[in-house]
Amino acid sequence: MNLTRRQLCTLLLCCSLPLGARAATTPLTFGVFPNLSPERQFRLYQLLTDYLEQRLARPIQLYTAKTPRSFVDATQLGNFDIVLTPPHLAWLAEQEAGYRPLATYTGTIKGLLVVAAASRLHSAAELRGSTIAIPDPLAIVTILGVGFLQETGLRQGTDYQFVNRGSHNNAALAVINGEVPAAIVGGLSFSQFPENMRSKLRIIGTTIKVKSFFFMANPRLPSPTAQAVRDALLTFGTTPQGRLFLDHGHFGPILPATAQSLTTMARYGVEVRRLLKESAP
């Protein structure tokens, strides 16, 4: 079966398979955390992929996974040469699999507690006894949301329950469709929702902010290659396609990252490590 490049990359987005040793002419695997649908991931990151291919003179294959858990597993197994992952999972990848930070977006991540625009709810405290939709238990905004709700006197499992909807979009739709009274979604995801969707929601709480997504290099990636990837990422924002990509995604500029950049994420990395162990099959 002959596939166009677009069709091939779309197929690649649906799986993550380990690859063996590579020659310089073989593709670099780029794993992107699944916070969007595979189709939207492809459309958004194709600009960056094309630029990296041009700068590195080497094919780049986009990969993601069906769930955050499977993405974490693939990352830990070393399936990706480069990953773009949330900060708490970047810390985990560094600590447990030896990935090296290359760059990060300057934007920040925060969670938003949202209700229907016409809802009578106006504070988190009013959600006692309710069910709250979340994108995934491992999502950083979910972890931040637990802390925010705890500060208002609500304890998970006692005063409220979470229901996992698999994505920020689906969590928000659960509120809009009247299935749950509230949801926790990412601030970045909220800004990317269509206007007719945002207009049906109202924000009644905001978590603290943490660092944005990190680009990480697999420890097997030769240092000159990793440096070339870093250099390409840092110049991407100066190009027309880079400005379009960053503006469309609301990411902010791309800046260098080091191991010190992740130190503040240790508490969240430890928490996600605990969640992963609890949910292990």
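Residues numbered from 1 in each chain as written. Predicted model: local features only at pLDDT ≥ 70, side-chain atom pairs only at ≥ 80, totals over all residues. Heavy atoms only, no water.

Novice: Give me the lowdown on the overall build of the chain, citing residues and values where you can.
Specialist: Along its length, the chain carries 11 helices and 13 strands. The C-alpha atoms of the chain give 19 Å as radius of gyration, which agrees with the globular expectation for 281 residues (19 Å, within 12%). Seen along its three principal axes, the alpha-carbon backbone of the chain occupies a region of about 60 × 40 × 35 Å. Counting every position in the chain, which comprises 281 residues, the buried fraction comes to 50%. The long-range share in the chain, meaning contacts at least 24 apart out of those at least 6 apart in sequence, stands at 81%. In the structure as shown, the chain presents an accessible area of about 12800 Å², 56% of it carried by carbon and sulfur atoms. Side-chain charges of the chain comprise 27 positive and 17 negative groups, with the mean position of each set lying 2 Å from the other. (Helix = DSSP H or I, 4+ residues; strand = E, 2+ residues; numbered from the N terminus. Rg over C-alpha atoms; globule rule 2.2 N^0.38 Å. Buried < 20%, exposed > 50% of the residue type's maximum accessible area, 1.4 Å probe, protein only. Contact = heavy atoms within 4.5 Å. Areas by Shrake-Rupley, 256 points an atom, 1.4 Å probe, with all protein chains shown as cover. Lys, Arg positive; Asp, Glu negative; His and termini not counted. Charge placed at Lys NZ, Arg CZ, Asp CG, Glu CD.)

Novice: Could you give me a rundown of the packing of aromatic side chains, with the residues and numbers involved?
Specialist: Per the stated rule, a full pass over the model turns up 15 aromatic pairs. Put simply, the rings of Phe30, Tyr45, Tyr51, Tyr105, Phe215, Phe236, Phe245 and Phe251 touch in pairs and so form one group of aromatic residues. (Phe/Tyr/Trp six-rings, centres within 6.5 Å; stacked < 30°, edge-to-face > 60°.)

Novice: How would you explain the nonpolar core if you had to name every residue and give the values?
Specialist: By size, the foremost hydrophobic cluster in this structure holds 77 residues, and its most contacted members are Tyr45, Tyr105, Leu113, Leu149 and Phe215. Once residues lying within four places of it in the same chain are set aside, the contact partners of Leu149 are Leu113, Ala124, Ile132, Leu154, Tyr160, Phe162 and Ile184. In terms of nonpolar packing, the next biggest core, distinct from the first, is built from 14 residues, Val114, Ala171, Ala172 and Phe193 among them. (Core = buried A, V, L, I, M, F, W, Y, C linked by side-chain atoms within 4.5 Å.)

Novice: Would you mind going over the environment of Leu244 in detail, with residue names and values included?
Specialist: By the element assignment, Leu244 lies in helix H10 (residues 240–249). With 145 residues separating them in the primary sequence, Leu244 and Tyr99 have C-alpha atoms 28 Å apart.

Novice: Report on H10, specifying residues and quantitative values.
Specialist: Within the sequence span of H10, burial applies to Gly242, Phe245, Leu246 and Gly249. Along the long axis of H10, the arc covered by the buried residues comes to 90 degrees, so they all point the same way. In H10, the exposed positions angled more than 90 degrees off the buried face are occupied by Pro240, Leu244, Asp247 and His248. Residue His250 follows H10 closely and has a positive phi angle near 60 degrees. (Arc of directions from axis to C-beta.)

Novice: Talk me through the pattern of salt bridges; I want residue IDs and the actual numbers.
Specialist: Tallied over the full model, the rule gives 9 salt bridges. In this structure, Asp159 engages Arg155 in a salt bridge whose closest nitrogen and oxygen atoms are separated by 3.6 Å. In this structure Asp159 comes out as buried when scored by relative accessible area, which is 8%. The class of Arg155 is exposed, set by a relative accessible area of 52%. The residue Glu278 makes a salt bridge to Arg274 at a minimum N-O spacing of 2.4 Å. (Salt bridge = Lys/Arg side-chain N within 4 Å of Asp/Glu carboxyl O.)

Novice: Quick one: what's the story with unusual backbone geometry, residue by residue and with numbers?
Specialist: One non-glycine residue, Ala57, lies in positive phi territory at about 55 degrees. Examined against the element boundaries, Ala57 turns out to sit in the loop between helix H2 (38–56) and strand E2 (60–63). Phi is positive for His250, which is not a glycine, with a value near 60 degrees. Examined against the element boundaries, His250 turns out to sit in the loop between H10 and strand E13 (254–256).

Novice: How would you explain the environment of Ile176 if you had to name every residue and give the values?
Specialist: Within the secondary structure, Ile176 is located in helix H6 (residues 168–176). Spatially, the C-alpha atoms of Ile176 and Lys200 are 6.5 Å apart, while their sequence positions differ by 24 residues. When sequence neighbours within four positions are dropped, the list of residues in contact with Ile176 reads Met197, Lys200 and Leu201.

Novice: Can you break down the sheet that holds E2 residue by residue, with the values?
Specialist: The 6 strands lie next to each other as E2-E1-E3-E12-E4-E13, forming an open sheet whose pairing is mixed. Looking at which strands have only one partner, the edges of the open sheet turn out to be E2 and E13. Adjacent strand axes in the sheet meet at a mean angle of 25 degrees, parallel and antiparallel pairs treated alike. Pairing between strand E1 (residues 28–32) and E2: 4 bridges, direction parallel. Note that in E2 the partner of Leu28 across the bridge is Ile60. Against the sheet, helix H3 (residues 68–76) makes contact with E1 and strand E3 (82–85), and its axis sits at roughly 145 degrees relative to E3, the strand it touches most. Relative to the sheet, helix H4 (residues 87–97) contacts E3, strand E4 (100–105) and strand E12 (214–217), its axis offset from that of E12 by approximately 15 degrees. (Pairing = 2+ DSSP bridges. Axes fitted to C-alpha atoms, helices over the stretch in contact; angles between N-to-C directions.)

Novice: Lay out the environment of Leu233 with the relevant residues and their values.
Specialist: Of note, Leu233 is situated in helix H9 (residues 223–236). Given a relative accessible area of 1%, Leu233 falls into the buried group. Taking the C-alpha atoms as reference points, Leu233 and Leu102, separated by 131 residues in sequence, lie 8.6 Å from one another. Among residues more than four places away in sequence, those in contact with Leu233 are Leu48, Leu52, Ala103, Phe215 and Ile254.

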